[in-house]
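Each chain, written out:
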Amino acid sequence: MKRQFSTGLLAILLLCTSCVRPNKTNPSRLDLIQKRGELKCGVSGKIPGFSFLNSDGQYQGIDVDICKAMAAAILGDGKKVIYRPLTAPERFTALKTGEVDLLSRNTTFNLSRDAIGGNGVTFGPVIFHDGQGLMVKKRSGIEKIDELINSNICVGSGTTTEQNLNDTFQELNIPYTPIKYQDLNQVIAGYLQGRCKAMTSDISQLAASRSSFPNPDGHIILKKVISKEPLAPASIDGDPLLSDAVRWIIYALIAAEEFGISQNNIDQKLIEAKSNPNFVSIRRFLGIDGDLGNKLGIANDFVVKIIRSTGNYGEIYNRHLGPTSRVPIPRGLNKSYKDGGLLIAPPLK
Ligand SMILES: N[C@@H](CCC(=O)N[C@@H](CS)C(=O)NCC(=O)O)C(=O)O
């Protein structure tokens, strides 16, 4: 019985492997992106600090810079990106049908999305450790979740937010009514127009939304964080060439901060590394020695291209979410491990 099961499973695995793995007739999307000369990147487009259209009609934010870093590494030019704004419910279909090459859209990495039996996408490393919160109007006087008993709560559908809300309120045995919307702007409108006592989302989205309210100080985010929301870029399943590139491009951004290599000092670092053969780690990292980039199927000096385009992870974070940005969010868990945070890159060796 056991043997029969294993043989059957093996057959399925072989079948799946041969149908989805890139081959001559079904090339990797990495090749397609390189042939097309542009990266199609799925973003939200509605979250200041993450992906948002600025006054010049350009997308900007941390999710947008991830798209730029990918394009810089894969195509040699961070500007070669076509941005596709996607709602939460449509994002995985857009990835699976090939409408986009990459999702860089405040998407939580979890088992159901990663698994073949679920959404079947492949996640890259976490680029922002978030959590879910609830926002209420200050004048409501609400300070704790249980005070939301029998209330309407505005939430986006097709999100982990919806499920966590349900889990938390069920576990705490608090009756409530979810009012579901397709996107963040509708959630905000429902909340501001008084259809709901609270709106719920990733805390980053609550902070970003509040920054554009007419009276930001009139709203508070409750202290309780009800979930883990590790946000990560995602690519299609079964395409290891692309997913390996995505993974190591993100790690390169994190590692560059660990090495102290930034947009400002990259040229100087290159000169120093080229003139000193003892700087073995940095020489390898910057593609002067070795073949790390080539192993991934991209330029050997992909790290240099990324850093010139976007800077390292810390610079990206500061630009969009730092203290002087429009949506200041303390780095907290998103600090490098060297500063007590969770961000760490495995060795680029
Ligand atoms: N991180 C969560 C939630 C992300 C999310 O997409 N949230 C909704 C709002 S609650 C949304 O659509 N936000 C951005 C948008 O409307 O474009 C997930 O991956 O499901």
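Since we're looking at a predicted model, the values are computed, not measured.

The rules behind the values
- Here, residues in each chain are numbered from 1, in the same order as that chain's written sequence.
- Whole-chain, interface and lining totals are the exception, using all residues; otherwise, since this is a predicted model, local features are given only for residues with pLDDT of at least 70 and side-chain atom pairs are given and counted only at 80 or more.
- Source of the domain bounds: an automatic or database domain assignment.
- Residues are scored as being in contact if the C-beta atoms we place from backbone atoms lie within 7 Å.
- Strands here are runs of E lasting at least two residues and helices are runs of H or I lasting at least four, both read from the DSSP assignment and numbered beginning at the N terminus.
- Partly exposed residues are those falling between the two cut-offs: more than 12 but fewer than 20 other C-beta atoms within 10 Å of their own, whereas 20 or more means buried and 12 or fewer means exposed, with C-beta atoms placed from the backbone.
- DSSP calls a pair of strands paired once it identifies at least 2 bridges connecting them.
- Only the stretch in contact is used when a helix axis is fitted, and all axes are lines through C-alpha atoms; the angle between N-to-C directions ranges over 0 to 180 degrees.
- Whether a residue is near a molecule or strand depends on its C-beta atom, placed from the backbone, lying within 6 Å of it.
- Gly counts as polar in this scheme, as do all residues outside two lists: the nonpolar Ala, Val, Leu, Ile, Met, Phe, Trp, Tyr, Cys and Pro, and the charged Asp, Glu, Lys and Arg.
- To sort the angles, those under 35 degrees are grouped as roughly parallel, those over 145 as roughly antiparallel, those from 65 to 115 as roughly perpendicular, and the leftovers as oblique.
- Left-handed describes a crossing whose near helix is turned anticlockwise from the far helix by less than a right angle; the clockwise case is right-handed.

## What to know about the domain arrangement of the chain
Okay, so step 1: With domains assigned, the chain is organised as domain 1 (26–128 + 231–339) and domain 2 (132–227).
Okay, so step 2: Averaged C-alpha coordinates put domain 1 and domain 2 at centres separated by 30 Å.
Okay, so step 3: At the junction of the two partners, domain 1 supplies 15 residues and domain 2 supplies 16 residues.

## Digging into the environment of Lys-138
Okay, so step 1: Here Lys-138 is to be found in the loop between strand E9 (132–137) and strand E10 (152–156).
Okay, so step 2: Each C-alpha atom, one on Lys-138 and one on Glu-38, is 46 Å from the other, the two residues being 100 residues apart in sequence.

## Looking at the environment of Leu-348
Okay, so step 1: Mapped onto the fold, Leu-348 is located in the segment after helix H14 (313–321).
Okay, so step 2: Under the C-beta neighbour-count criterion, Leu-348 is labelled partly exposed, with 19 such atoms within 10 Å.
Okay, so step 3: For the pair Leu-348 and Gly-133, spaced 215 residues apart in sequence, the C-alpha separation works out to 35 Å.
Okay, so step 4: Apart from residues lying up to four places away in sequence, Leu-348 is in contact with Tyr-251, Ala-252, Ala-255, Phe-285 and Leu-292.

## Considering the sheet that holds strand E11 (residues 177–181)
Okay, so step 1: Read from one edge of the open sheet, five strands run E11-E10-E12-E9-E13, paired in mixed fashion. In the strand order of this sheet, the two ends are held by E11 and strand E13 (219–221), each with one partner. This sheet shows a mean twist of 30° between the axes of neighbouring strands, independent of strand direction.
Okay, so step 2: Both E9 and strand E12 (residues 198–202) contribute to a ladder of five bridges, which runs antiparallel. When the sheet's bridge partners are listed, Leu-134 is paired in E12 with Thr-200.
Okay, so step 3: Against the sheet, helix H6 (residues 160–171) touches E9, E10, E11 and E12, its axis set at about 150° to E10.
Okay, so step 4: Most of the contacts of helix H7 (residues 184–192) go to E10, to which it runs at about 165°, and overall it touches E10, E11 and E12.

## Brief notes about the site of the ligand
Okay, so step 1: Close to the ligand lie 20 residues; Ser-44, Gly-156, Thr-159, Asp-183 and Leu-184 are nearest.
Okay, so step 2: Within the residue set of the shell around the ligand, elements represented by two or more residues are strand E2 (46–47), H6, H7, E12 and strand E14 (229–231).
Okay, so step 3: The residue inventory of the shell around the ligand, partitioned by class, reads five nonpolar, eleven polar and four charged.

## Overview of the packing of helix H3 (residues 62–75) against helix H9 (residues 240–259)
Okay, so step 1: Where H3 meets H9, the axes come as close as 10 Å, and the angle between the chain directions of the two elements is 110°. By the angle between their directions, the pair H3 and H9 is classed as roughly perpendicular. Classified by chirality, the crossing of H9 by H3 is right-handed. The segment H3 lies against H9, with Ala-69, Met-70, Ala-73 and Ile-74 engaging Ala-245, Val-246, Ile-249 and Leu-253.

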